[in-house]
Amino acid sequence: MAKFDIIAATGCPTGIAHTFMAKEALEKAAAERGLTIKVETHGQVGVENELTKSEVAGAKAVVVAADKDVQAERFAGKPMVSVGVSKALSVEAAGKLIDRALAAKGDNTVAAAADVEDEVEEKESIGHVIYKHLMNGVSHMLVFVVAGGVLTAVSFLWGITSFDSTAADYNSFAAMLKIIGGIAMNLMVPVLSAYIAESIGKRPALVPGFVAGMIAIQGLPVNAETGMIDAGGAGVGFGFLGGIVGGFLAGYVILLLEKVFAGLPKNLDGLKAIFLYPLFSTAIVGLVMLGISGPMAAINTAMMDFLKGLSASGAVVLGLAIGCMCAFDMGGPVNKAAYVTGTAMLTEALAAGVGTDTYNFGTNFMAAVSAACIVPPLITTFAVVVGKKYFSQEDHDAGIVNLILGCTHITEGAIPFMTKNIWPVMPIMMLGSSIASILTIMFNVHDPAPHGGFLVLPVVENGPLWVLAILIGAVVGGILFVAFKKYDFEKNQKAAPVAKPVEASKAAAVEAPKAEAADFVKVENVFVAEDFASRDEVLSFVSNQAVKAGFASDADAVMNAFLAREAEGTTGMMEGFAIPHAKSDAITEAAVIVVKDESGVTGWDTMDGAPVNVAIALLIPGAQAGTTHLKILSKVAEALMDEGFRATVKGSTDAAEIAKTINARLV
């Protein structure tokens, strides 16, 4: 089995250009250093050049350059650097990443310095930074919530009071399950706080983070008789909201202390890590958290009262709020806000005990949240089964898989469907989720488990009605989704009556890919000596030419697809090149259109700040009918990494020569 010095994984949101450009740059950078490398790509055609376990184990270091999930957990324990794909699009940048990855093993100082430099280059927005830290805490917290909540719920199978040794339905095993589940649930806030802090201040921030979380649970202890602060007294906790505040506080206190102690001799680094940081950070964070416990408890109480107030306004108002939040971004910050609120209220409910108003409200709220999270993927399943002919085979397969994901409370499977047509798919998903939530509240369903979907049905009170509410929401949403896809399909059919059937396109792609590639770029689709005032003018020109050439049926739809891709990250490269690409149902045939502007298009965000002279535009059908097309287009992106290729295309004014040069790289 071959061994490689470096292994890497690349991937961009669309998986067409940047994915393969980063691969090419990493391979060239490794070759310059005399290193062997294997790069796994996560493109539209799936995972290619997949890394094996033995290759991962044998590599010296790992480079991840991706804006999507590439299962980086496989590389745990290996020296690794992880950045966005745009940080690996030149040989020079890729080389720096390789150097950083290698340095991470033997020289932590170099790696740390490189990390700081990279953070500056990224220029992340404050909102994205906060979100990233928050999600680090939430992701670590949720496993405690799920494990603790499900174990607690399972204990109820022996009876609602089976944990109570004085009750008639007491069961010792059920009591132990509830004890274990309760401990796991009580760790929710400390873990949330600790790992928000760890995301900011790394390992030293864990100690003050955990302490902040514990204080958020307990509040400021006060003696009931004297009214004075008393370690033996009782306090009012301020929940997960306090955990969030405490996590950020702990993380930034560590960063502050690092600056304060920066002047100490190097040989005292061990003392800083094991004594100074934990001592001072815990004292500072603890005092601040205790000091703000009163206001934070009031805010937490007000928030819970607000939610209960929505309930008082009726099931429709509360269910609509829950459904819209859960389906708005399906796993994103708004969805997580609703889910975390539900788990926080469930924690209070379980602590209050069965039969209390707090228990009834919290478990009903959790049931509504779960229903809203389950519905979106089930909507896609219903739609691809009932309206199969309106979906690509890829979408159909994904929709079938979503049946499993939805039934187990995994909302994210619906995201690809929504991103293709945010309007009106997002409102459809929100409507379906809201219907399920409203009916769940009206049916008085109570769910004592925070996750698991239909797997926890045995412990759900009024479980059959809960399933009915979810199915009604999924069917209503599914019918609307099919209606939209039918309308969109028929519109495209009328606009492009000569478009090739999907199956014929597939057959052609399989039967003669090389012949197709040989003249993939037509001379008539290469435009030289053009003059554009802006990026959008270029994209508009290409969109209209695509319709004229018969590649697309709707120029506005193609233009919107181009702009949506630019919003994800610029397609401006280096040395005057750009590689815009659009994927849309309005595109009926994969194609490349090339435009040249000798004077250069300014205002197009490029990696080196230079104007764009050559735009090689890639057009991809939304149905992604032929994977051969996608491989051909990916080769265009790889070709841009070749200096000779760039020189020929940029220096020529002959459309035929440019088309021939590009086609030569596609065979």
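Residues numbered from 1 in each chain as written. Predicted model: local features only at pLDDT ≥ 70, side-chain atom pairs only at ≥ 80, totals over all residues. Heavy atoms only, no water.

## A few points about unusual backbone geometry
You will see that N49, though not glycine, has its phi angle at about 60 degrees, which is positive. The backbone of N444 shows a phi angle near 60 degrees, a positive value even though the residue is not glycine. Within the secondary structure, N444 is located in the loop between α17 (422-442) and α18 (463-495). (Helix = DSSP H or I, 4+ residues; strand = E, 2+ residues; numbered from the N terminus.)

## Observations concerning the confidence of the model for the protein chain
Chain-level statistics for the protein chain give a pLDDT mean of 83 and a share of 88% at 70 or above. Mean pLDDT across the elements of the protein chain ranges from a minimum in helix α19 (residues 502-511), with 40, to a maximum in helix α8 (residues 206-218), with 95. Counted against residues more than four places away or in other chains, residues 106-123, with its pLDDT under 50, gives 14 contacts. Scored below 50 in pLDDT, residues 496-517 makes 20 contacts in the model with residues more than four places away or belonging to other chains. (pLDDT = per-residue confidence, 0-100. Contact = heavy atoms within 4.5 Å.)

## Topic: helix α1 (residues 18-32)
The end-to-end C-alpha separation of α1 is 21 Å, in line with the 21 Å expected for 15 residues at 1.5 Å each. In terms of burial, α1 is a largely internal element, eleven of the 15 residues being buried. At the C-terminal side of α1, G34 shows a positive phi close to 70 degrees. (Expected span 1.5 Å × (residues − 1). Buried < 20%, exposed > 50% of the residue type's maximum accessible area, 1.4 Å probe, protein only.)

## Remarks on the pairing of strand β5 (residues 80-83)
Here β5 shows one buried face, formed by V81 and V83, and one open face, formed by M80 and S82. As judged from the four bridges shared by strand β4 (residues 61-66) and β5, these two strands associate in the parallel manner. Each residue of the ladder has a partner; that of V62, found in β5, is M80. (Pairing = 2+ DSSP bridges.)

## Regarding the pattern of salt bridges
Across all of its chains, the model carries eleven salt bridges by this definition. Between R33 and D99 there is a salt bridge; the shortest N-O distance is 3.0 Å. Here R33, found in the loop between α1 and β2 (37-43), pairs with D99, found in helix α3 (residues 91-106); they are 66 residues apart in sequence, far enough to count as distant. A salt bridge links R535 to E566, with the nearest nitrogen and oxygen atoms 3.9 Å apart. Of this pair, R535 sits in helix α21 (residues 535-548) while E566 sits in helix α22 (residues 555-568), placing them 31 residues apart in sequence. R535 sits in the partly exposed class, given a relative accessible area of 24%. Residue class for E566 comes out buried when judged on its relative accessible area of 8%. The structure contains a network of salt bridges with shared partners spanning R535, D536 and E566. (Salt bridge = Lys/Arg side-chain N within 4 Å of Asp/Glu carboxyl O.)

## Overview of helix α10 (residues 269-291)
Taking 1.5 Å as the rise per residue, α10 with 23 residues should run 33 Å; its terminal C-alpha atoms sit 31 Å apart, in good agreement. Those residues of α10 lying buried are K272, L276, Y277, P278, S281, V285, G286 and M289. Residues of α10 that are buried make contact with α8, α9 (239-260) and α11 (293-312).

## Considering the state of the cysteines
This structure, assessed with the given rule, holds zero disulfides. This cysteine, C324, is not joined by any disulfide, and C326 carries the nearest cysteine sulfur, 9.6 Å off. Note on C324: relative accessible area 23%, which makes it partly exposed. (Disulfide = S-S within 2.5 Å.)

## Concerning the packing of helix α6 (residues 172-186) against helix α7 (residues 188-201)
With their axes 4 Å apart at the nearest point, α6 and α7 run at an angle of 35 degrees to one another. Between α6 and α7, the residues in contact are A184, M185 and N186 and M188, V189 and P190, respectively. Taken together, the residues that form the contact of α6 with α7 break down as five nonpolar, one polar and no charged. (Axes fitted to C-alpha atoms, helices over the stretch in contact; angles between N-to-C directions. Nonpolar A, V, L, I, M, F, W, Y, C, P; charged D, E, K, R; others polar.)

## Here's the deal with the packing of α8 against α10
Running from amino to carboxyl end, α8 crosses α10 at an angle of 25 degrees, the nearest separation of the two axes being 9 Å. In terms of their interaxial angle, α8 and α10 are classed as roughly parallel. Seen from above, α8 lies across α10 with right-handed handedness. Facing V207, P208, V211, A212, I215 and A216 of α8, the residues of α10 in contact are P278, S281, T282, V285, G286, M289 and L290. Taken together, the residues of the contact of α8 with α10 sort by class into ten nonpolar, three polar and no charged. (Parallel < 35°, antiparallel > 145°, perpendicular 65-115°, else oblique. Left-handed = near helix turned anticlockwise from the far one by under 90°.)

## Notes on a nonpolar patch on the surface
Where nonpolar side chains cluster on the molecular surface, the patch consists of L264, L268, L271, I274, F275, L279, F280, I284 and V288 and spans about 750 Å² of accessible area. With respect to the helices and strands, L279 occurs in helix α10. (Patch = residues over 30% accessible without salt bridge, like charges linked within 9 Å, V, L, I, M, F, W, Y side chains within 5 Å. Areas by Shrake-Rupley, 256 points an atom, 1.4 Å probe, with all protein chains shown as cover.)

## Some words on the side chain of T19
Tracing the chain through its elements places T19 in helix α1. By relative accessible area, T19 is classed as buried at 0%. Once residues within four sequence positions are removed from consideration, T19 is found in contact with T10, G11, C12, T41, H42, G43 and V85.

## What to know about the side chain of K272
The topology assignment puts K272 in helix α10. With residues up to four places along the chain from it excluded, the contact list for K272 reads F261, L264, Y277 and P278.

## Here we look at the packing of aromatic side chains
Inspection of every chain in the model, using the stated rule, returns twelve aromatic pairs. Plain terms: the ring middles of F361 and F365 are 5.9 Å apart, the flat faces sit at 45 degrees to each other, and that makes the pair tilted. Placement of the pair is F361 and F365 together in helix α14 (residues 357-386), with a separation of four residues, close to one helical turn. On the basis of relative accessible area, F365 is assigned to the buried category, the value being 4%. An aromatic cluster is built from F261, Y277 and F280, whose rings are joined through pairwise contacts. Its end group placed over the ring of F163, K178 keeps NZ or CZ at 4.6 Å from the ring centre. Positioned above the aromatic ring of F391, the side-chain terminus of K485 is 5.2 Å from the ring centre. (Phe/Tyr/Trp six-rings, centres within 6.5 Å; stacked < 30°, edge-to-face > 60°. Lys NZ or Arg CZ within 6 Å of the ring centre and 35° of its normal.)

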